[in-house]
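# Structural overview for review
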Amino acid sequence: MNDDRLNDERTAAIGDLREFIRIHEAHGELQVIEGADPHHEMGAIYELSLEDLHPPVLLFKAIKGCDPTARVVMNVRTSKFMVGDLDLDAVMTYRLKKREGSPDPIPPREVNTGPVLDNSIEGDDVDIYRFPHPVWHGEDGGPYPGTECLVIMKDPDSDWINVGTYRTQAHDKNTITVFTEPGKHGDQIRRKYWARGEACPVVVCLGQAPVLGGVGRVAYAPGVCELDIAGGQLGRPIDIVKGPLTGIPIPAHAEMALECRILPPEEETRVEGPFGEWPGYYASGARDEPAVKIDAIHHRDDPIMIGQPPVRPTLPGRHTHIGGAAAIWDALEAAGVPGVTGVWKLAAGGSRFINVVAIKQLHAGHAKMAGLVATGCGAAGFMGRLTVVVDEDIDITNAAEVMWALATRWDPKTQTDIIDGCWSGNLDPTLSPEKRATGNLTNSRIIMYAVRPYHWKDAFPQVNMVSRDYAAEVAEKWKDKLKFLQD
Ligand SMILES: Cc1cc2nc3c(=O)[nH]c(=O)nc-3n(C[C@H](O)[C@H](O)[C@H](O)COP(=O)(O)O)c2cc1C
Ligand SMILES: [Mn+2]
């Protein structure tokens with residue numbers, strides 16, 4: 001497929017969840033699963049699917065104990081079709097595209113009605129448990145129907161509509177919690193309603209075009225409406241309907257939307273969590289969160305919810321964060337660090353813990369510049385742990401090569417910096433109970449300079465390996481005769 005057609009098809013897939021599923025079926029990347037148990041079994045099947053680097057899109061149907069017409073789709077942003085190859089070229093392409101500038105935002109277009117309003121349940125008939133509400137992980141404190149969900153709110157002081165992704169737990173048929181960390185836009189907005197003694201109106205979408213989940217997770221500036229950004233990415237406005245009870249915009253083609261009120265915490269709370277989180281632990285535990293009352297459930301016929309619970313980052317299908325690596329590379333260049341040949345996030349560290357920078361060393365102290373910036377820049381500042389700086393001959397997308405660089409070029413005593421008091425967060429498993437209790441959400445960082453020391457690099461023992469050019473020449477000559485050279 002040529003690049004233009006591929007891009008058009010990808011845009012169509014992110015613009016509409018049903019189209020997304022159809023396209024993946026056509027590409028042979030859809031796995032339908034019938035009759036799974038939402039209590040742990042769906043979560044286990046999901047984890048097993050992530051043992052592949054490019055897991056199939058999973059479509060769960062006829063989920064045990066739920067409305068038989070409701071479905072759950074998983075792996076909406078990891079398919080081979082959507083992400084292509086995961087390598088340094090992908091990081092570079094991402095950077096170049098970003099440099100061309102983001103598409104101009106396109107505000108949503110209001111329409112009178114849409115498929116999301118085809119079915120509406122209000123008042124006493126509201127029962128979130130009718131629809132899939134999986135308990136994803138073994139130690140979760142309850143079912144989480146909302147993982148990659150959209151939490152849509154209106155700022156009471158302006159026209160700002162904010163869309164954020166915050167996990168949503170079900171507590172009884174019409175009560176949920178929405179775990180919004182302090183400072184997130186959703187938190188800022190709800191506090192304004194509470195300060196006036198009011199509940200905060202909110203819409204929670206539990207299934208929607210993948211592009212919307214893509215913007216709900218990004219920290220745009222306050223005042224920016226994520227629906228406008230998504231419109232810009234699609235090149236057309238998102239159609240919205242006004243929520244009949246709240247007046248909050250709901251994507252007209254959303255699969256399911258709950259109209260709710262977030263009660264002030266002094267009025268009613270529920271114990272939220274624990275929940276298996278992306279670092280691979282239940283680190284934020286369980287605590288009181290404000291109760292959220294569901295006043296209406298709107299849904300399409302045969303609704304499709306999205307399930308995207310966190311899992312431990314060692315699973316290959318939780319692959320590396322191309323955009324995060326690109327952002328650190330941009331920061332290094334912006335800070336004037338020369339000679340950077342690559343930036344990568346080792347998968348085991350999830351999106352944050354382990355960053356690797358490759359440089360072509362130009363002068364003494366060069367590796368240190370790279371390590372300090374890659375550790376302290378905004379793109380890496382939050383919840384980092386290890387920064388590894390290596391020479392340009394190391395394939396930083398290969399964890400074994402990075403470990404080899406550490407094993408053979410790194411002297412722990414003389415090629416290490418440890419920096420304390422850095423920015424961390426509740427999900428960091430190493431935070432002690434004392435630190436959590438006092439709000440000291442900081443951790444330390446290690447920078448490992450796994451490079452040949454610059455001042456004697458020419459005397460450093462030579463690497464024992466067939467040169468890549470010669471290897472290619474030999475492979476070409478022998479590939480017809482040697483089975484292991486054929487792919
Ligand atoms: C699948 C997924 C789940 C998330 N869950 C939460 C969550 O439970 N609480 C939270 O505060 N942030 C969560 N985030 C991160 C927020 O979505 C992210 O910080 C985003 O910027 C929030 O929107 P805002 O900037 O408009 O507040 C999650 C992100 C993803 C991708
Ligand atoms: Mn926002």
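Residues numbered from 1 in each chain as written. Chains lettered and ligands numbered in written order. Predicted model: local features only at pLDDT ≥ 70, side-chain atom pairs only at ≥ 80, totals over all residues.

This part covers the overall build of the protein. Check the secondary structure of the protein and you find 14 helices and 22 strands. The C-alpha atoms of the protein give a radius of gyration of 24 Å, which matches the 23 Å a tight globule of 487 residues would have. Along the longest, intermediate and shortest principal axes, the C-alpha atoms of the protein span 80 × 60 × 45 Å. Looking at the protein as a whole, 41% of its 487 residues qualify as buried. (Helix = DSSP H or I, 4+ residues; strand = E, 2+ residues; numbered from the N terminus. Rg over C-alpha atoms; globule rule 2.2 N^0.38 Å. Buried ≥ 20, exposed ≤ 12 C-beta atoms within 10 Å, placed from the backbone.)

Okay, the site of ligand 1 next. As a matter of local geometry, ligand 1 sits amid 18 residues, with Gly-164, Arg-167, Glu-181, His-185 and Arg-217 nearest to it. Of all the secondary structure elements, the ones that give two or more residues to the shell around ligand 1 are strand E7 (161-164) and helix H6 (185-195). Considering only residue class, the shell around ligand 1 consists of four nonpolar, nine polar and five charged. (Near = placed C-beta within 6 Å. Nonpolar A, V, L, I, M, F, W, Y, C, P; charged D, E, K, R; others polar.)

Read across the open sheet, the five strands follow the order E18-E19-E20-E22-E21; overall the sheet is mixed. Looking at the sheet topology across the chains shown, the edges are occupied by strand E18 (340-345) and strand E21 (416-423). Taking the axes of each pair of neighbouring strands and ignoring which way they run, one obtains an average angle of 20° across the sheet. Taken together, the five bridges between E18 and strand E19 (residues 354-359) define a ladder with antiparallel strand orientation. Along E19, the bridge assignment pairs Trp-344 with Val-356. (Pairing = 2+ DSSP bridges. Axes fitted to C-alpha atoms, helices over the stretch in contact; angles between N-to-C directions.)

Here the focus is the sheet that holds strand E11 (residues 239-242). Reading across from one edge, E4-E11-E12 is the order of the three strands in this open sheet, with mixed pairing throughout. Both outer strands of the open sheet, strand E4 (109-110) and strand E12 (249-251), are each paired with one neighbouring strand and no more. The pairing of E4 with E11 spans two bridges and is classified as parallel. Among the inter-strand pairings, Glu-110 is bridged to a residue of E11, identified as Ile-240.

Attention now moves to the packing of helix H9 (residues 322-334) against helix H10 (residues 366-376). H10 packs onto H9 with a crossing angle of 125° between their chain directions and a minimal axis gap of 9 Å. Put simply, H9 runs oblique to H10. Crossing angle aside, the handedness with which H9 passes H10 is right-handed. Across from Ile-328, Ala-331 and Leu-332 in H9, the residues of H10 making contact are Ala-370, Val-373 and Ala-374. For the contact of H9 with H10, the class distribution of residues is six nonpolar, no polar and no charged. (Parallel < 35°, antiparallel > 145°, perpendicular 65-115°, else oblique. Left-handed = near helix turned anticlockwise from the far one by under 90°. Contact = placed C-beta atoms within 7 Å.)

Formed by 72 residues in total, the largest nonpolar core has its most connected members in Val-73, Val-151, Ile-152, Val-202, Val-204 and Cys-205. Top element by residues in this core is strand E10 (residues 200-207). It accounts for six residues. Discounting residues that sit within four places of it in the chain, Cys-205 has contacts with Cys-149, Leu-150, Ile-152, Ile-250, Pro-251, Ala-254, Met-256 and Ala-257. If you look at the next biggest cluster of nonpolar residues, it comprises 37 residues, including Ala-367, Ala-370, Val-389 and Ala-450. (Core = buried A, V, L, I, M, F, W, Y, C linked by C-beta atoms within 7 Å.)

This paragraph deals with the domain arrangement of the protein. For the protein, the assigned domains are domain 1 (3-307) and domain 2 (322-468). Measuring from the centre of the C-alpha atoms in domain 1 to the corresponding centre in domain 2 gives 33 Å. Of the residues lining the interface, 15 residues belong to domain 1; the matching set on domain 2 comes to 14 residues. Class assignment of the residues belonging to the side of domain 1 that touches domain 2 gives a composition of nine nonpolar, one polar and five charged. (Domains from an automatic or database assignment.)

Of note, Asp-155 is situated in the loop between strand E6 (150-154) and E7. Separated by 114 residues in sequence, Asp-155 and Thr-269 place their C-alpha atoms 22 Å apart.

A few words on H9. The end-to-end C-alpha distance of H9 is 18 Å, a good match for the 18 Å that 13 residues give at a rise of 1.5 Å each. Where H9 is concerned, the buried positions are Ile-322, Gly-324, Ala-325, Ala-326, Ala-327, Ile-328, Trp-329 and Leu-332. Buried positions along H9 lie against helix H5 (88-99), E18, E19, H10 and helix H11 (378-381). After H9 finishes, the residue Gly-336 shows a positive phi value of roughly 85°. (Expected span 1.5 Å × (residues − 1).)

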